[in-house]
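One-letter residues, chain by chain:
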Amino acid sequence: MSKSQTRTAIVVGAGIVGLAMARALAEAGYKVTVFDRHERSVGASVRNFGTIWPIGVPNGPLYARALRSREVWREFCDATGTWSAPSGSLIAAYHDDEWAVMNEYVAMNEGIRPSRTLDPAQVRQHAPGVVANGLRGALLSTDELVVDPREAIRNLPAWLSERYGVEFHWRQAVTRVEHPWVWSGRRRYGADLIYVAGGTDFETLYPELFERLAITKCKLQMLRLEAQPTPFQLGPVVCGGLTMAHYSGFHATPSIGRMRERLSEQYADLIALGIHVMAAQNGLGEITIGDSHEYGHTHEPFNESSINRKIVDYLRSVLDLPSWNVKQSWHGIYAKLTDGKRSELVIEAEPGVTIVNGIGGGGLGMTLSFGLAEEVVNGTLQAETVAPIVATAH
Ligand SMILES: Cc1cc2nc3c(=O)[nH]c(=O)nc-3n(C[C@H](O)[C@H](O)[C@H](O)COP(=O)(O)OP(=O)(O)OC[C@H]3O[C@@H](n4cnc5c(N)ncnc54)[C@H](O)[C@@H]3O)c2cc1C
């Protein structure tokens, strides 16, 4: 065994961020061990839409990172037979201001992104479920890839073990880290490098550091509809105008202010709940729909059916589906960066220990993690250092 293969790394957390770190470290020759407190991954990474969503990030390094991540997703899906679809995304316009934003977006991204506008007849060809009444047109982007997160996140650990020899310790919470050691209760494990990818658990490892960071938790309500009757196909991931107000990729368009002003009058109640609506179909024909956004360090464990209703009502103004039978509803919580300065948190908690969290500001972990992890491991993205944590007695 060569010397480089004997370098070791421990990753805490088997959500998409931890799994992506494990892959990048293994690719770089590390012997990797992953710990997760649960028997399998049940955090934000299995609760999302499963959209690999380049349209949600601005041009430049984040867009390149999203495309690199998509490449890795494809490689993994091809190698394991995990379902994925290059569905693309479609945002339907029912107002002149939405149509103006779309046309400006396409012009600004000419030669950069594969996006174009469609007239109503073309929209119906791509996405037959889109409501035709009052339709101005749509923005089609062919960048987006869809996986079913429940299947994909379940298959990833097996792939990492088989392909790279990554070892998993499930049902083992890491309760303390002090380089080169991590403890799970009284059991101690050592590694050259340690990465903490604990998602919304800010309280167990380095709590005093998390208290100093501009970070909170965002709760999102989601629903899944039963499989649509065949042969109906949703086609691309379908969104309404509220989505353009949400994603920074649209913020530089001249008409965004006008569109936002109108939306904030027309949909004040939805905007107050952070609702912007998307629908993505999986390989079984089921459609995942959401979502709302609520911020705070502690969230009610209960879902509000009034929020679910508002999500469905708004979506019905954009989509006419053969079946609206709800199969499941749930919420997910991700770590949300709050200062608007960072697009991720990569922080050296102490020499040899790096925290990786808040990807894409929080809500784009599926889209960016694989690319980000490679940049962290190859040193393109340097971890920030923060003032050292001083041990205090209370
Ligand atoms: C409803 C919803 C929809 C979303 N839609 C999308 C989307 O379509 N596209 C997209 O790109 N992103 C989406 N996101 C964002 C994406 O899901 C997150 O950015 C991503 O899942 C965060 O991954 P993570 O690994 O940090 O967190 P998690 O998946 O929560 O994983 C953290 C893991 O760490 C473990 N852990 C924590 N502390 C410890 C410890 N001390 N010891 C051992 N284990 C520990 C936990 O058990 C958990 O398994 C969505 C998020 C939500 C909630």
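You'll find the structure just up there.
Being a predicted model, the structure only gives us computed values, none of them experimental.

Parameters and conventions
Note that residues are indexed from 1 along each chain, following the sequence as it is written. Predicted model: local features are reported for residues with pLDDT of at least 70 only, side-chain atom pairs are reported and counted for 80 or more only, and whole-chain, interface and lining totals are derived from all residues. Side-chain descriptors were evaluated using all non-hydrogen atoms of the structure, hydrogens and water having been removed beforehand. In the sections that follow, a salt bridge refers to a side-chain nitrogen of Lys or Arg positioned within 4 Å of a carboxyl oxygen of Asp or Glu. Helix numbers and strand numbers start at the N terminus; a helix is a DSSP run of H or I with at least 4 residues, a strand a run of E with at least 2. To sort residues, take the accessible area from a 1.4 Å probe on protein chains only and compare it with the maximum for the residue type: under 20% means buried, over 50% means exposed, and anything in between is partly exposed. Criterion used throughout: strands pair if DSSP finds at least two bridges between them. Under this scheme, a helix contributes an axis fitted over its contacting stretch, all axes are lines through C-alpha atoms, and angles between N-to-C directions fall in the 0 to 180 degree range. Under the pairing criterion, centres of Phe, Tyr and Trp rings, with the six-membered ring standing for Trp, must be within 6.5 Å; the plane angle then separates stacked pairs below 30 degrees from edge-to-face pairs above 60, leaving the rest tilted.

(A) Region of the structure containing the pattern of salt bridges. For the structure on display, the rule yields 21 salt bridges. Put simply, Glu374 and Arg68 hold a salt bridge, and the shortest N to O gap is 2.7 Å. Residue Glu374 is located in helix H12 (residues 365–378), and its partner Arg68 is located in helix H3 (residues 61–80); the two are separated by 306 residues in the primary sequence. Since its relative accessible area comes to 18%, Glu374 is described here as buried. Since its relative accessible area comes to 26%, Arg68 is described here as partly exposed. With a shortest N-O distance of 2.8 Å, Asp96 and Arg136 are connected by a salt bridge.

(B) Quick look at the side chain of Ser255. When you line up the elements, Ser255 lands in the loop between helix H8 (242–246) and helix H9 (256–266). What makes Ser255 buried here is its relative accessible area of 7%.

(C) Up close: the sheet that holds strand S12 (residues 187–190). The antiparallel open sheet is built from three strands, whose spatial order is S10-S11-S12. The sheet is open, and its two edges are formed by strand S10 (176–178) and S12, each paired on a single side. With strand direction ignored, the average angle separating the axes of adjacent strands in the sheet is 20°. Looking at chain direction, strand S11 (residues 181–184) and S12 are connected through four bridges and run antiparallel. Among the inter-strand pairings, Val182 is bridged to a residue of S12, identified as Tyr189.

(D) Local environment of the packing of aromatic side chains. Applying the stated criterion to the full structure yields ten aromatic pairs. When the ring of Phe35 is compared with that of Tyr189, the centres are 4.8 Å apart and the planes differ by 65°; the resulting orientation is edge-to-face. Here Tyr189 lies in strand S12 and Phe35 lies in strand S2 (residues 31–35), a separation of 154 residues in the sequence. Across the pair, exposure class does not vary: Phe35 and Tyr189 are buried alike.

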